[in-house]
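Each chain, written out:
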Amino acid sequence: RDAFFQPQAEWCARHNMEYLVHLNHEEAMLQLVRSEGDFFRAMRPVQMPGIDTIWNQIWPDKISDFPKYASSAAHIFGRPRAFTESFAGYNPAPTLDQARWVLNQQFVRGINMAEIMFTPSSAGGDSFAMRGWMADAGFPNFAAWIGRAGYLLSMGRPTAQIAVYHPAMSMWLGEAGANQATLTVMKLLLEQQRDFDFVDDDSLALSLTLEKGVLRSASGNEYRAVIVPGATAISRASLDRLRAFAKSGGRVVFLGKRPSMAVDASFLKAAPPGDLAWATVELAVKLTPAVLAALPAPDVTLSPAPPAVKYLHRRWRDADCYLFFNESPKPQSVGATISGSGPSQIWDAANGDISNLFASVAGKGAVRLHLNLAPYESRFIVVGGTSTTETAKAR
């Protein structure tokens, strides 16, 4: 960070540019910590944190949640954009429909800027061979969809109320179990429509603002619960912050195991963490009833709640914007109760159209509606703001 990422970020800032970068092996975190130490420390000065998926790491039959790392970095560091470098070496090259799936899978995990890559011609020189899907007559409309979706997903602020501690310190010790517990928790939360952000040790100890029952990020997230998955080691400063958070009314869950060491200046000065009676401890990596009871009330409740339907929620100045995505090849028909009040609309990022959506009031600050999602379909729903299409288009 200090010798590489920080100087480049500062140079970009001095020249009125934004520095965007991804690291190596975001999809294989144990390899990343060996080569780059800590994803979040490296990303802290970066104006646009990112990930890459250029080797088919994400595909319609391969759901990967690692884009959450980049969007979480953007949220906790107060950055409006998180980017993906996508496709490049994909083999086979995707069709437009497959490429749309790959991007939707990242958008619903908080990515909102896409760098679309293609491969250079084998002839070399200045000639480039456009991948067949990028030469498709539908590509301009596809690119317009990316722009509209990215715009909607960068407005306002993120709303996740759950923070998941990223146990990089345990991974430095070679603890593969910490990484596996992290991946499992990430999967379980998303499949149960519980949005979250990762928080790193430095942010938990120093950057997040502690209020009564809340840890606030630089983007305005109000984290009301923190899950610590599979951590052997945690800094003493973070442990003290978690204890103070719990004392103020926040909820802390140690999932998978209890930490065995609290680290001060170095691992040589580590000590047992002491009594953890102020937290919920669940030794299985499961969202048990006790764990769910420790989490804040969800802003989305689906009935039924298929694991394949993912969502993202951003709060605008006068409305709530939701992205729903059916990741599966099967249609999904679900009832949805979502936070927000006022008129409900479908905003079609594919063509820019806005249409009214019937929704009923479901108590204070919530509406109830029905979602019919075709296979691999995504849909933006906006609740609140104006009730007229003309004014909405001018937003």
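Look a little higher up for the structure.
Residues numbered from 1 in each chain as written. Predicted model: local features only at pLDDT ≥ 70, side-chain atom pairs only at ≥ 80, totals over all residues. Heavy atoms only, no water.

Asker: Give a detailed account of the packing of aromatic side chains, specifying residues and quantitative values.
Answerer: Considering all chains together, one arrives at 16 aromatic pairs under this definition. Ring geometry for F39 versus F40: centroids 5.2 Å apart, planes at 80 degrees, classification edge-to-face. Considering the side-chain rings of Y322 and F324, the 6.0 Å spacing of their centres and the 15 degrees angle between planes classify their relative orientation as stacked. F324 matches Y322 in its accessibility class, with the two residues each being buried. Within the aromatic cluster, the residues linked to one another by ring pairs are F39, F40, Y69, F196 and F198. Between K68 and the ring centre of F196, over which it is positioned, the NZ or CZ distance is 5.0 Å. Against the face of W145 rests R100, its NZ or CZ located 4.6 Å from the ring centre. (Phe/Tyr/Trp six-rings, centres within 6.5 Å; stacked < 30°, edge-to-face > 60°. Buried < 20%, exposed > 50% of the residue type's maximum accessible area, 1.4 Å probe, protein only. Lys NZ or Arg CZ within 6 Å of the ring centre and 35° of its normal.)

Asker: Run through the packing of helix 5 (residues 96-107) against helix 6 (residues 139-152), naming residues and quoting values.
Answerer: Geometry of a packed helix pair, given as the angle between the helix axes and the separation of the axes. Closest axis-to-axis distance for the helix 5/helix 6 pair is 11 Å, and the angle between their directions is 5 degrees. Accordingly, the angle class assigned to the pair helix 5 and helix 6 is roughly parallel. Across the interface between the two elements, L96, A99, R100, L103, N104 and F107 from helix 5 touch F139, F142, W145, I146 and A149 from helix 6. Taken together, the residues of the contact of helix 5 with helix 6 break down into 9 nonpolar, 1 polar and 1 charged. (Axes fitted to C-alpha atoms, helices over the stretch in contact; angles between N-to-C directions. Helix = DSSP H or I, 4+ residues; strand = E, 2+ residues; numbered from the N terminus. Parallel < 35°, antiparallel > 145°, perpendicular 65-115°, else oblique. Contact = heavy atoms within 4.5 Å. Nonpolar A, V, L, I, M, F, W, Y, C, P; charged D, E, K, R; others polar.)

Asker: Which residues make up the pairing of strand 19 (residues 332-339), and what are the values?
Answerer: Note on strand geometry: in a regular strand, side chains alternate between the two faces of the sheet. With 4 bridges joining them, strand 16 (residues 300-303) and strand 19 adopt antiparallel strand pairing. Residue pairing for strand 19: L302 is matched across the bridge by A336. One ladder, built from 8 bridges, connects strand 19 with strand 23 (residues 366-373); its direction is antiparallel. Residue pairing in the sheet places S333 in a bridge with N372 of strand 23. (Pairing = 2+ DSSP bridges.)

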